[in-house]
Amino acid sequence: MKRILLSVLAVLPAFLLGQYSPKELDLMKQYGESIKGEDIHAHLSFLADDLLEGRETGERGQKLAAAYIRANFMKLGLQPGNPQEDSYFQQYFLRRTTVNSAEITLNDTTFAYSKDFFALKGLVPDEVTGDWDFVGYGIQTDEYDNLKGMDLEEKIVFLIADKPSEGGAMNVNLGEQLDNWTQRAANLHKLGAAHVFMELPKQAFTTLQLYSKFSPQDVTSSEEIPYGLICVSEGMGEYLLKAVSKKPEKVLEKLQKADKVPAVDFSKLSWTYAADIEREFLPAENVMGYMEGTDKKDELLVLTAHYDHIGIVKDQINNGADDDGSGTSAILEIAEAFSKAAKNGNRPRRSILFMTVSGEEKGLLGSQFYTENPIYPLEQTIVNLNIDMIGRIDKKYQSRADSTNYVYLIGSDKLSSDLHKISEATNQALDQITLDYTYNDENDPNRFYYRSDHYNFAKNRIPVIFYFTGVHVDYHKPTDDVYKIQFDKTAKITQLVFGTAWELANREERIKVDSNKK
């Protein structure tokens, strides 16, 4: 009876996947089983060693990790992923900003850089001049316009990272357009604003601080700083609004109920800005190995993980074993499994780009650079499978009997229902990991969908899946070390990613994009 049940389970995914024969299932399982926990351990033991000093973007440790990944791609027989330069590297440049000091004094209170405010992606102004103006939520769309009739030329604008409540002045879903705060800032600059200060919720302020040091930059371009978005803490934002309004709570209440921004008088605000800033250019690399497909070689799968981390902080090395040494090691293992298959005459029908990116910790900069400067046409890229932190157990699962048998899937259904079905069916064909969609909820406050490298592909309407096992107590700390990784669990998830990639690479029909979500 057990044997019959297993046979049924093996056939069921084939039915769901369309043309997915028993032979193909056997091959997928055979090569997937070559992915072992001990092999992931071997890769990770190098990548997360103190020798690499935390793999800080642009620094020595990141270069050592890049050389290790390239050596493995070469050993596996993968072609250079950057054929124009006959290289496994795609190089780009970062502008690193070091803020020796920066402070803003409002009336008699001084606010410090990093603690109270910071500039997103290192775009810190040397000076701030102009008259202040309040622009509410800073939203301008066909459905809702906060900025109608406002003269923002050379103004310093202050806005709040919120949006009108459902049932208030508007009852429409503006979706990600309203949530994308950088788009609001860019629009305000386009309307003439000299500087944009935005009050962020506490959690967002803390998260985005990680992106306050680096910005992507062509080293040959102008030295002029394209000033962007200055993020302000809730405490500083509340102080500023109280300093210029007798009843700030009334201002916010009116803002929720009407499109028009309530009048706020900045004329009596006394303020100063002072900063001591240094800037330098650093080269960084995405590392890419390419496997050409057979009859559908013009179509491409991209598999990604970021191999950089946050380096040395307060004289302590942050090795980033889970973040994202685990994902990087998984990519190397998946590449090896496909290489074994190819050497045995089972090369995938579609081409595959195995890409470990840098700059993720600085604002998804490496994947941003690739999607803005693609080596292979984005219109021929059918999917991005992205792996970021799959080696640990988060709080939700720690107390469960089968605590290692889960993975969070994010994004699988946002652009392609085909992709979601294939992901589910592949899991059924393998060991049936619990696929948890908690963080796939558009209302999830963690916003993980927007916080790893797959998002730069999703913005270009390329279907994605983000594989993740949650944040833990060692996240971005020196204690994120190799000995804490659950290697059997990591291997099982890596096998799932491989199986999904195998089906996507070999199926007859290209998956369809059937949603407008990004």
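Every chain begins its residue count from 1, and numbering advances along the sequence as written. At least 70 in pLDDT is required for a residue's local features to be given in this predicted model, at least 80 for side-chain atom pairs to be given and counted, and no such filter applies to totals for whole chains, interfaces and linings, which use all residues. As a convention, hydrogens and water are excluded, and side-chain values are obtained from all of the structure's heavy atoms.

Participant: Explain the overall build of the protein chain to me, and be specific about the residues and the numbers.
Facilitator: Secondary structure counts use DSSP, requiring at least four H or I residues in a row for a helix and at least two E residues in a row for a strand, with both numbered from the N terminus. Counting secondary structure elements, the protein chain contains 15 helices and 18 strands. Burial status follows relative accessibility: with a 1.4 Å probe on protein chains alone, a residue under 20% of its type maximum counts as buried, one over 50% as exposed, and anything between as partly exposed. Within the protein chain, buried positions represent 56% of all 518 residues. Only heavy atoms enter the contact rule, under which two residues are in contact if any of them lie within 4.5 Å. In the protein chain, the proportion of contacts linking residues at least 24 apart, taken out of those at least 6 apart, comes to 83%. For every accessible area listed, the method is Shrake-Rupley and the probe measures 1.4 Å; residues are considered covered only by the protein chains on display. Working note: accessible area of the protein chain is about 22,500 Å², and carbon and sulfur atoms make up 49% of it.

Participant: I'd love a proper account of the pairing of strand S10 (residues 271–291), names of residues and values included.
Facilitator: In terms of strand pairing, strand S1 (residues 79–80) meets S10 through two bridges, oriented antiparallel. Residue pairing across strands places Pro80 opposite Gly289, the latter belonging to S10. Paired strands are those between which DSSP finds at least two bridges. Both strand S2 (residues 89–106) and S10 contribute to a ladder of 17 bridges, which runs antiparallel. Across the sheet, Ala102 pairs through a bridge with Ala275, a residue of S10.

Participant: Pulling in residues and values, what's your account of the nonpolar core?
Facilitator: Think of a nonpolar core as a cluster: buried Ala, Val, Leu, Ile, Met, Phe, Trp, Tyr and Cys residues, connected wherever their side-chain atoms sit within 4.5 Å. Ranked by internal contacts, the top residues of the largest apolar core, which has 64 residues, are Phe354 and Tyr467. Discounting chain neighbours no more than four positions away, the residues touching Phe354 are Phe73, Leu78, Val287, Met288, Gly289, Met291, Leu303, Ile331, Ile334, Ala335 and Phe338. One finds Tyr113, Val135, Val232 and Leu241 within the second-largest nonpolar core, a separate group that totals 52 residues.

Participant: Please set out the sheet that holds strand S7 (residues 195–199) residue by residue, giving values where relevant.
Facilitator: If you walk across this open sheet you meet the five strands as S4-S9-S7-S6-S5, and the pairing is mixed. Each edge of the open sheet carries a strand with a single partner, namely strand S4 (117–119) and strand S5 (132–134). With direction set aside, neighbouring strand axes in the sheet form an average angle of 25 degrees. In this structure, S5 lies alongside strand S6 (residues 156–160), joined through three bridges in parallel fashion. When the bridges of S6 are listed, Trp132 appears paired with Ile156. For helices, the axis comes from a line fit to the C-alpha atoms of the stretch in contact; other axes are also lines fit to C-alpha atoms, and the angle between any two N-to-C directions lies between 0 and 180 degrees.

Participant: Before we move on, can you summarise unusual backbone geometry with the specific residues and values?
Facilitator: Both trends apply: most residues other than glycine have a negative phi, and most peptide bonds are in trans. Cis geometry is found at the peptide bond from Asp323 to Asp324, where omega equals -10 degrees. Along the chain, the position of Asp324 falls in helix H10 (residues 321–343). Phi at Gln432 is positive, roughly 55 degrees, even though this residue is not glycine. Inspection of the secondary structure puts Gln432 in the loop between helix H13 (417–429) and strand S17 (434–436). Given a relative accessible area of 34%, Gln432 falls into the partly exposed group. A positive phi is found at His476, a non-glycine position, where the angle reads about 55 degrees. With respect to the helices, strands and loops of the structure, His476 is situated in the loop between strand S18 (464–468) and helix H15 (487–506). When its relative accessible area of 15% is taken as the criterion, His476 is described as buried.

Participant: I'd like a rundown of the packing of aromatic side chains, residues and numbers included.
Facilitator: Whether two aromatic rings pair depends on their centres lying within 6.5 Å, for rings of Phe, Tyr and Trp, where Trp uses its six-membered ring; planes under 30 degrees apart make the pair stacked, over 60 edge-to-face, and the rest tilted. Overall, the coordinates contain 28 aromatic pairs when judged by the stated rule. Ring geometry for Tyr92 versus Phe369: centroids 5.4 Å apart, planes at 25 degrees, classification stacked. Placement of Tyr92 in strand S2 and of Phe369 in helix H11 (residues 365–372) is noted, with a sequence separation of 277 residues between them. A relative accessible area of 1% means that Tyr92 is categorised as buried. Since its relative accessible area comes to 24%, Phe369 is described here as partly exposed. An aromatic cluster of three or more residues is present, and its members are Tyr397, Tyr406, Tyr408, Tyr439, Phe448, Phe466 and Phe468.

Participant: Any chance you could break down the side chain of Thr328 for me, citing the residues and the numbers?
Facilitator: Along the chain, the position of Thr328 falls in helix H10. Leaving out residues up to four positions away in the same chain, Thr328 has contacts with Leu47, Ile69, Ala305, His306, Tyr307 and Thr356.

Participant: Account for the packing of H13 against H15, with residues named and values stated.
Facilitator: It is at 9 Å that the axes of H13 and H15 come closest, and there the two elements cross at 125 degrees. When the interaxial angle is binned, H13 and H15 end up oblique. The hand of the H13/H15 crossing is right-handed. Across the interface between the two elements, Leu419, Ile422, Ser423, Thr426 and Asn427 of H13 pack against Leu496, Gly499, Thr500, Glu503 and Leu504 of H15. Any angle between 65 and 115 degrees counts as roughly perpendicular, while under 35 counts as roughly parallel, over 145 as roughly antiparallel, and the rest as oblique. In this scheme, a crossing is called left-handed if the near helix is turned counterclockwise away from the far one by less than a right angle; it is called right-handed if the turn is clockwise.

Participant: I'd like to hear about the pattern of salt bridges, residue by residue, with values.
Facilitator: Think of it this way: side chains of opposite charge can pair up when their charged atoms draw near. One speaks of a salt bridge when a side-chain nitrogen belonging to Lys or Arg is within 4 Å of a carboxyl oxygen belonging to Asp or Glu. According to the stated counting rule, one finds 17 salt bridges in the structure shown. A salt bridge links Glu299 to Arg350; the shortest N-O distance between them is 2.6 Å. Here Glu299 is found in strand S11 (residues 296–306), whereas its partner Arg350 is found in strand S14 (residues 350–357), with 51 residues between them in sequence. In terms of burial, Glu299 and Arg350 fall into one category: buried. Three or more residues joined by partner-sharing salt bridges are found here, namely Asp295, Lys296, Arg349 and Glu508.

Participant: Explain the confidence of the model for the protein chain to me, and be specific about the residues and the numbers.
Facilitator: pLDDT measures how confident the predictor is about each residue, on a scale from 0 to 100. Chain-level statistics for the protein chain give a pLDDT mean of 88 and a share of 89% at 70 or above. Across residues 166–179, where pLDDT falls below 50, the model places 29 contacts with residues more than four positions away in sequence or in other chains.

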